[in-house]
Amino acid sequence: ALGVPLEGIQANVTPVELATGVYHLVGGTHHSLVVEQENGLVLFEAPLYAERMEAIKTWAATQFPNRSFTHLVVSHHHSDHSGGVRQLMADGASIVISEHGYQFFDKIAKAQCTVRPDELAQSDVEVSFELVSEGNPITLDDPNNPITIYQAESAHAADTLFPIVQGVVFVVDTFSPGLPLGFPTLAQEARNEFIR
């Protein structure tokens, strides 16, 4: 698309509650997951671009007034999964990424944005990162919805994260039902990582 979204701006956010306090946000080509925790909200994925992230933030503000995002978990560095990351950086959310993606996301956090300054460019927020390494999952603890986040290198991206909450595994770009043969092998690859 050469930087131009060919599908138009995807601002439709349709929540599907998968478990208590766990919402799958659909309504476009790329989905997110929101988990309600005692201290705030955790978001998995900031896909596509700022406008999609703003639609997600608007939904969250309506659904959970007086709650903010404490964490953003980014599955991997590809822009269709991280295009809205600067909006949550500006809000002060801790960015959870694979240690393999740190240099990339640190560069995004420090990038100049002068032509059309965004929220991050206009703030003095110091971006914080939480790094996940292979074999060392981290847990975002909570009495009701603890989240464990694993890093498992795949053929698709070396910095892929897989969060698990209430038996829900949020998987992106490793298995998509209906896609041509070959994609399921990436899911098998991830499964083998978890079994080890």
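Residues numbered from 1 in each chain as written. Predicted model: local features only at pLDDT ≥ 70, side-chain atom pairs only at ≥ 80, totals over all residues. Heavy atoms only, no water.

## A look at the nonpolar core
Next, step 1: The biggest cluster of nonpolar side chains holds 28 residues, and the ones touching the most others in it are Phe 69 and Ile 95.
Next, step 2: Among the secondary structure elements, those contributing two or more residues to this core are β2 (22-26), β4 (40-44), α1 (50-63), β5 (69-73), α3 (85-90), β6 (94-98) and α4 (102-110).
Next, step 3: Here the element with the most residues in this core is α1; it accounts for five residues.
Next, step 4: Formed by 18 residues, the second largest nonpolar core is a distinct cluster that contains Ala 19, Leu 33, Val 165 and Val 172. (Core = buried A, V, L, I, M, F, W, Y, C linked by side-chain atoms within 4.5 Å. Buried < 20%, exposed > 50% of the residue type's maximum accessible area, 1.4 Å probe, protein only. Helix = DSSP H or I, 4+ residues; strand = E, 2+ residues; numbered from the N terminus.)

## So, the environment of Val 172
Next, step 1: If you trace the backbone, Val 172 turns up in the loop between β11 (168-169) and α5 (183-195).
Next, step 2: A relative accessible area of 11% means that Val 172 is categorised as buried.
Next, step 3: In sequence terms Val 172 and Ser 32 are 140 residues apart; their C-alpha atoms lie 9.7 Å from each other.
Next, step 4: Aside from chain neighbours lying at most four places away, what touches Val 172 is Glu 45, Ser 75, His 76 and His 81. (Contact = heavy atoms within 4.5 Å.)

## Some thoughts on the sheet that holds strand β9 (residues 147-151)
Next, step 1: With respect to topology, four strands assemble into an open sheet ordered β8-β9-β10-β11, the strand pairing being antiparallel. Looking at the sheet topology across the chains shown, the edges are occupied by β8 (138-140) and β11. (Pairing = 2+ DSSP bridges.)

## Some remarks on the sheet that holds β2
Next, step 1: With respect to topology, seven strands assemble into an open sheet ordered β1-β2-β3-β4-β5-β6-β7, the strand pairing being mixed. Since the sheet does not close on itself, it has two edges, and those belong to β1 (14-19) and β7 (129-132), each with one partner. Averaged over all pairs of adjacent strands, the angle between their axes in this sheet comes to 20°, without regard to strand direction.
Next, step 2: Lying on the sheet, α1 is in contact with β1, β2, β3 (32-37), β4 and β5; it crosses β2 at an angle near 140°.
Next, step 3: Strands β6 and β7 of the sheet are contacted by α4, whose axis makes an angle of about 165° with β7. (Axes fitted to C-alpha atoms, helices over the stretch in contact; angles between N-to-C directions.)

## A look at α4
Next, step 1: Among the residues of α4, Phe 105, Asp 106 and Ala 109 are the ones counted as buried. In an axial view of α4, the angular spread of the buried residues amounts to 105°, which keeps them on one side of the axis. Exposed and facing more than 90 degrees away from the buried side of α4 are Gln 103 and Lys 107.
Next, step 2: Where α4 is buried, its residues touch α2 (79-82), α3, β6 and β7. (Arc of directions from axis to C-beta.)

## Overview of the confidence of the model for the chain
Next, step 1: Taken as a whole, the chain shows an average pLDDT of 85; of its residues, 84% reach a score of 70 or greater.
Next, step 2: Per-residue pLDDT stays below 50 along residues 179-196; that stretch engages in 17 contacts with residues further than four places along the chain or on separate chains. (pLDDT = per-residue confidence, 0-100.)

## Considering the side chain of Glu 45
Next, step 1: With respect to the element layout, Glu 45 can be found in the loop between β4 and α1.
Next, step 2: The charged side chain of Glu 45 is buried without a salt bridge, its nearest counter-charge being Arg 52 at 10 Å. (Lys, Arg positive; Asp, Glu negative; His and termini not counted. Salt bridge = Lys/Arg side-chain N within 4 Å of Asp/Glu carboxyl O.)

## Some thoughts on the packing of aromatic side chains
Next, step 1: Overall, the coordinates contain six aromatic pairs when judged by the stated rule.
Next, step 2: Ring geometry for Phe 44 against Phe 170: centres 6.0 Å apart, planes inclined by 35°, an arrangement best described as tilted. Linking Phe 44 in strand β4 with Phe 170 in the loop between β11 and α5, this pair joins segments that are 126 residues apart in sequence. Of the two residues, Phe 44 and Phe 170, both sit in the buried class.
Next, step 3: A network of ring pairs unites the aromatic residues Tyr 23, Trp 59 and Phe 64 as a single cluster. (Phe/Tyr/Trp six-rings, centres within 6.5 Å; stacked < 30°, edge-to-face > 60°.)

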